[in-house]
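Residue-level structural notes
The lines below spell out each chain.
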Amino acid sequence: MLKNYPPVLIGVSKFISNFFNPLVSLIIFFIYISSKNYSAAASIQTFVPILLLTVLPIIIWIVWNVRKGNYTNLDVSNRNQRKSLYFFISGCIGVYLIYDYITTASPDVLMIFLMILLLVLQFSNYFIKSSMHTAFNVFVAALFFAESPVLGLLWLVIAILVGITRVILKRHTTKEVITGALIAVLVSFIYLYTNIQFQH
């Protein structure tokens, strides 16, 4: 299936694609923002609910469904199989948003936009299998850009590389990668604009 590409290129593509999957990229951002803006205790207090209510349930859900044969692979690259994944992730983020609002009395804007991105990707999945890897990494680039333009541009390069690897690994077509990127650019632009408004 991947015989058109040199083995080294396939190996590098697998490493980039696997390492910079949506969950890992978001965790890297959360670790960065926590170490920059919070004490160790505050970081743990902020990150643990996200870990317990979103990250771990999503990982368990994907692994369980792969083992049951409901998902072909950990990427959930089958368009029809993605439908249940989108609903599950939306539910996890929804539970977190409710918990966070109850405990802090203020909305988590970042997670709200993450939910918006997911819902748009979920809607687009009925028409085209947009690349989640590309979309989430473009969004993470926007998150980094809000903190540091240099880091944001660096992560945008990573997002482009991830998109290329998805095509090389035949997980997505070029059209699907571009669609995922465009969706993320739109949501990211609105997020950055909203973030600027909150700062004024």
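The structure contained in this document is the topic of the report that follows.

1. Topic: the overall build of the protein chain
Tallying secondary structure elements over the protein chain gives 8 helices and 0 strands in all. When the helices and strands of the protein chain are read in sequence order from the N terminus, they spell out α-α-α-α-α-α-α-α. Relative to the compact-globule value of 16 Å for 200 residues, the protein chain shows a C-alpha radius of gyration of 17 Å, a close match. With respect to the three principal axes, the spread of C-alpha positions in the protein chain is 50 × 40 × 30 Å. For the protein chain, restricting intrachain contacts to residue pairs at least 6 apart in sequence, the fraction spanning at least 24 positions comes to 70%. Accessible surface, the protein chain as shown: approximately 10,700 Å² in total, 73% of it carbon and sulfur. The averaged location of the 5 negative side-chain charges in the protein chain is 17 Å from the averaged location of its 13 positive side-chain charges.

2. Thoughts on the packing of aromatic side chains
Taken as a whole, this structure holds 13 aromatic pairs when the rule is applied. A ring pair is formed by Phe20 and Trp155, whose centres lie 5.5 Å apart and whose planes are at 85 degrees; its orientation type is edge-to-face. Of this pair, Phe20 sits in the loop between helix 1 (7–19) and helix 2 (22–37) while Trp155 sits in helix 7 (residues 149–168), placing them 135 residues apart in sequence. Using a relative accessible area of 14% as the deciding quantity, one classes Phe20 as buried. A centroid spacing of 4.3 Å and a plane angle of 5 degrees characterise the contact between Trp61 and Phe88, whose relative ring orientation is stacked. Of the two residues, Trp61 sits in helix 3 (residues 40–68) while Phe88 sits in helix 4 (residues 79–104), which places them 27 residues apart along the sequence.

3. A closer look at a nonpolar patch on the surface
On the surface, a cluster of nonpolar side chains totalling about 650 Å² of accessible area is made up of Ile44, Val48, Leu52, Leu56, Ile59, Ile60 and Trp64. Mapped onto the fold, Leu56 is located in helix 3. Classification of Leu56 as partly exposed rests on a relative accessible area of 36%.

4. So, the environment of Ile16
Looking at the element boundaries, Ile16 is found in helix 1. Residue class for Ile16 comes out buried when judged on its relative accessible area of 16%. For the pair formed by Ile16 and Leu118, sequence separation is 102 residues and the distance between their alpha carbons is 22 Å. If near-sequence neighbours (up to four positions away) are discounted, Ile16 is found in contact with Val162 and Thr165.

5. Quick notes on the pattern of salt bridges
Tallied over the entire structure, the rule returns 3 salt bridges. Between Glu147 and Lys36 there is a salt bridge whose closest N-O contact spans 3.3 Å. A residue pair is termed long-range when its members are at least 10 positions apart, and Glu147 in helix 6 (residues 132–147) and Lys36 in helix 2 qualify at 111 residues. According to the relative accessible area criterion, Glu147 is partly exposed, its value standing at 29%. A residue is classified by how much of its surface remains accessible, and Lys36, at 42% relative accessible area, is partly exposed. Between Asp75 and Arg171 there is a salt bridge, and its shortest N-O distance comes to 3.1 Å. Highlighted residues: Asp75 in the loop between helix 3 and helix 4 and Arg171 in the loop between helix 7 and helix 8 (174–199), separated in sequence by 96 residues. What makes Arg171 partly exposed here is its relative accessible area of 28%.

6. Considering the side chain of Asp75
Here Asp75 falls in the buried class, since its relative accessible area comes to 16%. Ignoring any residue separated from it by four or fewer positions in sequence, one finds Asp75 in contact with Arg82, His133, Arg166 and Arg171.

7. Re the packing of helix 6 against helix 7
Packed helices, taken two at a time, are described by their axes: the angle between them and the distance between them. Helix 7 packs onto helix 6 with a crossing angle of 175 degrees between their chain directions and a minimal axis gap of 7 Å. When the axis of helix 6 is compared with that of helix 7, the two are roughly antiparallel. Mapping the contact onto sequence places His133, Thr134, Asn137, Val138, Val140, Ala141, Phe144, Phe145 and Glu147 in helix 6 and Pro149, Leu151, Gly152, Trp155, Leu156, Ile158, Ala159, Val162, Gly163 and Arg166 in helix 7.

Rules and cut-offs
Residues numbered from 1 in each chain as written. Predicted model: local features only at pLDDT ≥ 70, side-chain atom pairs only at ≥ 80, totals over all residues. Heavy atoms only, no water. Helix = DSSP H or I, 4+ residues; strand = E, 2+ residues; numbered from the N terminus. Rg over C-alpha atoms; globule rule 2.2 N^0.38 Å. Contact = heavy atoms within 4.5 Å. Areas by Shrake-Rupley, 256 points an atom, 1.4 Å probe, with all protein chains shown as cover. Lys, Arg positive; Asp, Glu negative; His and termini not counted. Charge placed at Lys NZ, Arg CZ, Asp CG, Glu CD. Phe/Tyr/Trp six-rings, centres within 6.5 Å; stacked < 30°, edge-to-face > 60°. Buried < 20%, exposed > 50% of the residue type's maximum accessible area, 1.4 Å probe, protein only. Patch = residues over 30% accessible without salt bridge, like charges linked within 9 Å, V, L, I, M, F, W, Y side chains within 5 Å. Salt bridge = Lys/Arg side-chain N within 4 Å of Asp/Glu carboxyl O. Axes fitted to C-alpha atoms, helices over the stretch in contact; angles between N-to-C directions. Parallel < 35°, antiparallel > 145°, perpendicular 65-115°, else oblique.

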